[in-house]
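Residue-level structure breakdown
Letter by letter, the chains look like this.
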Amino acid sequence: MRHASLLVLALMLLGCQPAGSKTESADVREFLTHYFSTWSAKDMDGYGACFHEQARITFVHQGMPQSQGLTDFLHGQKLSHASTTVPMTEVPTDMKILSDERTAQASVRWKLTKGADITLGTDCFTLIKTSTGWKIMSLVFYND
């Protein structure tokens, strides 16, 4: 009986979440999926449009942050695609999202495939909702 009461209480609490939170998470999930698909499709204009013009990007390598502004980061991404001899695709494998109506934070595990090579890693996003949709304000990422 005690377990049944706890189960009913847990289900009631899940139903008490604000109605917008489920929609917002779906919107953020859709945005992040679009972000990864544009990169994999070599759509660098679409990829760049995912970022707010004031975005900062940080790559963590061996515990040390290497930070870049948006222009330098996007240039490096374009060069990566242009200089590779094999196609590269990056897909999200898991997303954890915390959002409200103005901002969101997301931790996304990903898998990068470059020919036969596979790299795993994590992107940590801070997003802002603008009049044109979600935009990336900050991206911190690292490889496993």
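Throughout what follows, the structure given in this document is the object of discussion. The numbering scheme is per chain: residues are counted from 1 as the chain's sequence reads. With pLDDT at 70 or above as the cut-off, local features in this predicted model cover only qualifying residues; side-chain atom pairs require 80 or more to be listed or tallied, and sums for whole chains, interfaces and linings still use all residues. Excluded from the side-chain calculations are hydrogens and water; all other atoms, namely the structure's heavy atoms, are used.

Now for the pairing of strand β2 (residues 64-69). The pairing criterion for strands is at least two bridges between them, as found by DSSP. Comment: elements are numbered from the N terminus, with helices defined as DSSP H or I runs of at least four residues and strands as E runs of at least two. By the bridge criterion, six bridges tie strand β1 (residues 51-61) to β2 in an arrangement that is antiparallel. When the sheet's bridge partners are listed, Ile 57 is paired in β2 with Gln 68. Counted between consecutive antiparallel strands, the loop separating β1 from β2 contains two residues, among which Gln 62 sits at a positive phi close to 50°.

Glancing now at the sheet that holds β2. One open sheet holds the six strands; their spatial order is β2-β1-β6-β5-β4-β3, and the pairing between them is mixed. Where the open sheet ends on each side, the last strands, each with one partner, are β2 and β3 (88-99). Each strand axis lies, on average, 20° off the axis of its neighbour in the sheet, ignoring direction. Note: strand β5 (residues 117-130) against strand β6 (residues 133-143), ten bridges, orientation antiparallel. Residue pairing in the sheet places Leu 127 in a bridge with Ile 136 of β6. Throughout, a residue-residue contact means that at least one pair of heavy atoms, one from each residue, lies within 4.5 Å. The axes are straight lines fitted to the C-alpha atoms, using for helices just the contacting stretch, and the angles between their N-to-C directions are given from 0 to 180°. Here helix α4 (residues 70-83) sits on the sheet and contacts β1, β2, β3 and β6; the angle it forms with β1, its principal contact strand, is near 65°.

For the rest of this paragraph, the subject is α4. The end-to-end C-alpha separation of α4 is 20 Å, in line with the 20 Å expected for 14 residues at 1.5 Å each. Throughout this description, buried means an accessible area under 20% of the type-specific maximum (1.4 Å probe, protein chains only), exposed means over 50%, and partly exposed covers the range between. Among all positions in α4, only Leu 70, Phe 73, Leu 74, Gln 77 and His 81 are buried. Angular distribution of buried residues about the axis of α4 spans 95°; they occupy a single face of the element. Among the exposed residues of α4, those oriented more than 90 degrees off its buried face are Thr 71, Asp 72, Ala 82 and Ser 83. A helix is expected to span 1.5 Å for every residue after the first. When we speak of the arc, we mean the arc of directions from the helix axis to the C-beta atoms.

As far as function goes, none of this settles anything; it's purely spatial.
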